[in-house]
Amino acid sequence: MIMNQPPEALPGVTLVGGGPGAWDLITVRGMRALQNADVILADHLGPSTELEKLCDLSGKMLIDAAKLPYGRQMAQEKINELMVEHARQGSNVVRLKGGDPYVFGRGFEEVQACQEAGIPCTVVPGVTSAISVPGAVGVPVTQRGVVHSFTVISGHVPPGHPQSLNNWEALAQTGGTLVVIMGVKNSRSIANALLVGGRSGDTPAAVIQEGTTSEERTFRCTLSTLADVIEHESIKPPAVYVIGEVADL
């Protein structure tokens, strides 16, 4: 079952949202879970490279469970297997994920794996990069009198792909802010789909790479120039881009 008691009081697995990148943007509850962990399975996002600032790593087993975009990846099945295996051995396991576990983080799949194995599982929400990264560079996803909605979109599958679940024409016509994560590789096809769907090419846009970290880079552009900027500036994941009037504030 999914538990909601403080993570330090529980055996089993704790899914922790590590936040958008900077080590000190994790929640207090997430930090305490790390401090009480015996085993940490860490993604490459969030505070995974600065864990020593959050907890004493001596005596803890640290497992690299990174899924690098278009690169080295640990299979989700293997991650599930390791969580269950170490929890069954009596370890307090933390699965450290970037952002929030339930925002395109496959967190619920990991909860299900624990449930099927009879392992108690706690979820500690995190600060999602979809909102915090734009906010950190002065781009609010909402603003009174400017926009009444925002949509967070996964861009890992391009428009027109058989596995795409997005209605790009509808997204183009919402009038709200569009925030795209995991969309660097497909930025040109995404921008084109929005333009074909009726979104103006002059719509302001902003691209933020490595948000909230020392490697952060930000570029302002428009929907029609978005893909060119990403290509010209050699933007690499992780990056977030925002499309809408708020990007011009």
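All values reported here derive from a predicted model rather than from experimental measurement. (Residues numbered from 1 in each chain as written. Predicted model: local features only at pLDDT ≥ 70, side-chain atom pairs only at ≥ 80, totals over all residues. Heavy atoms only, no water.)

Here we look at the packing of helix 2 (residues 76-88) against helix 3 (residues 107-117)
- Packing of helix 2 against helix 3 brings their axes to within 10 Å, and their N-to-C directions diverge by 45 degrees. Our classification of the angle between helix 2 and helix 3 gives oblique. Considering how the two elements wind past one another, helix 2 and helix 3 form a crossing that is right-handed. Judged by residue contacts, Q76, I79, N80, M83, V84 and R88 of helix 2 engage E109, E110, A113, C114 and A117 from helix 3.
- Counted by class, the contact of helix 2 with helix 3 contains six nonpolar, two polar and three charged residues. (Axes fitted to C-alpha atoms, helices over the stretch in contact; angles between N-to-C directions. Helix = DSSP H or I, 4+ residues; strand = E, 2+ residues; numbered from the N terminus. Parallel < 35°, antiparallel > 145°, perpendicular 65-115°, else oblique. Left-handed = near helix turned anticlockwise from the far one by under 90°. Contact = heavy atoms within 4.5 Å. Nonpolar A, V, L, I, M, F, W, Y, C, P; charged D, E, K, R; others polar.)

Observations concerning the pairing of strand 11 (residues 239-243)
- Of all the five residues making up strand 11, five are buried; the element is thus mostly covered by neighbouring parts of the structure.
- The side-chain alternation of strand 11 yields two buried faces, one formed by A239, Y241 and I243 and the other by V240 and V242.
- Looking at chain direction, strand 9 (residues 204-209) and strand 11 are connected through five bridges and run antiparallel. Within strand 11, the position partnered with A205 by the bridge is I243. (Buried < 20%, exposed > 50% of the residue type's maximum accessible area, 1.4 Å probe, protein only. Pairing = 2+ DSSP bridges.)

Quick look at the pattern of salt bridges
- Evaluated as defined, the whole model comprises eight salt bridges.
- Note that E109 and R106 form a salt bridge whose closest N and O atoms lie 2.9 Å from each other.
- Looking at E109, the relative accessible area reads 35%, which means it is partly exposed.
- Because the salt bridges share partners, they merge into one network encompassing D43, R95, K97 and E110. (Salt bridge = Lys/Arg side-chain N within 4 Å of Asp/Glu carboxyl O.)

With respect to the packing of aromatic side chains
- Per the stated rule, a full pass over the model turns up one aromatic pair.
- Each ring, one from Y102 and one from F108, has its centre 6.1 Å from the other, and the planes form 80 degrees; the classification is edge-to-face.
- For F108, a relative accessible area of 42% corresponds to the partly exposed category. (Phe/Tyr/Trp six-rings, centres within 6.5 Å; stacked < 30°, edge-to-face > 60°.)

Considerations on the state of the cysteines
- Scanning the model with the defined rule gives zero disulfides in all.
- C114 forms no disulfide, and the closest cysteine sulfur to it belongs to C121, at a distance of 4.2 Å. (Disulfide = S-S within 2.5 Å.)

Digging into the domain arrangement of the protein
- By domain assignment, the protein separates into domain 1 (13-124) and domain 2 (129-247).
- Listed as interface residues are nine residues of domain 1 and, on the opposing side, 14 residues of domain 2.
- Buried area between domain 1 and domain 2, both sides added, is near 850 Å², and the carbon and sulfur share of it is 74%.
- The tally of links from domain 1 across to domain 2 stands at one residue pair in polar contact (both at pLDDT 80 or more).
- Taken together, the residues of the side of domain 1 that touches domain 2 break down into seven nonpolar, two polar and no charged. (Domains from an automatic or database assignment. Buried area = accessible area lost by both parts, 1.4 Å probe. Polar contact = N/O pair within 3.5 Å; in protein donor to acceptor, adjacent residues only side chain to side chain.)

Some remarks on the nonpolar core
- Counting residues in hydrophobic clusters, the biggest one holds 23 residues, and the most contacted among them are L194, L226, Y241 and I243.
- Those elements that place two or more of their residues in this core are helix 5 (168-172), strand 8 (177-181), helix 6 (187-196), strand 9, strand 10 (217-222), helix 7 (226-232) and strand 11.
- Ranked by residue count, the leading element in this core is helix 6, at four residues.
- Excluding residues within four positions of it along the chain, Y241 makes contact with L178, V179, V180, G183, V184, N186, S187, I190, A206, V207, L226 and I230.
- In this structure, L15, L82, M83 and I119 belong to the second largest nonpolar core, which totals 18 residues. (Core = buried A, V, L, I, M, F, W, Y, C linked by side-chain atoms within 4.5 Å.)

Things to note about the sheet that holds strand 8
- Strand order in the open sheet made by the five strands is 7-8-11-9-10, with mixed pairing throughout. Strands at the two margins of the open sheet, each flanked by one partner only, are strand 7 (150-154) and strand 10. Strand after strand, the sheet turns through a mean of 15 degrees between neighbouring axes, direction not considered.
- Packed on one face of the sheet, helix 4 (residues 129-136) meets strand 7, strand 8, strand 9 and strand 11 and runs near 80 degrees to strand 11.

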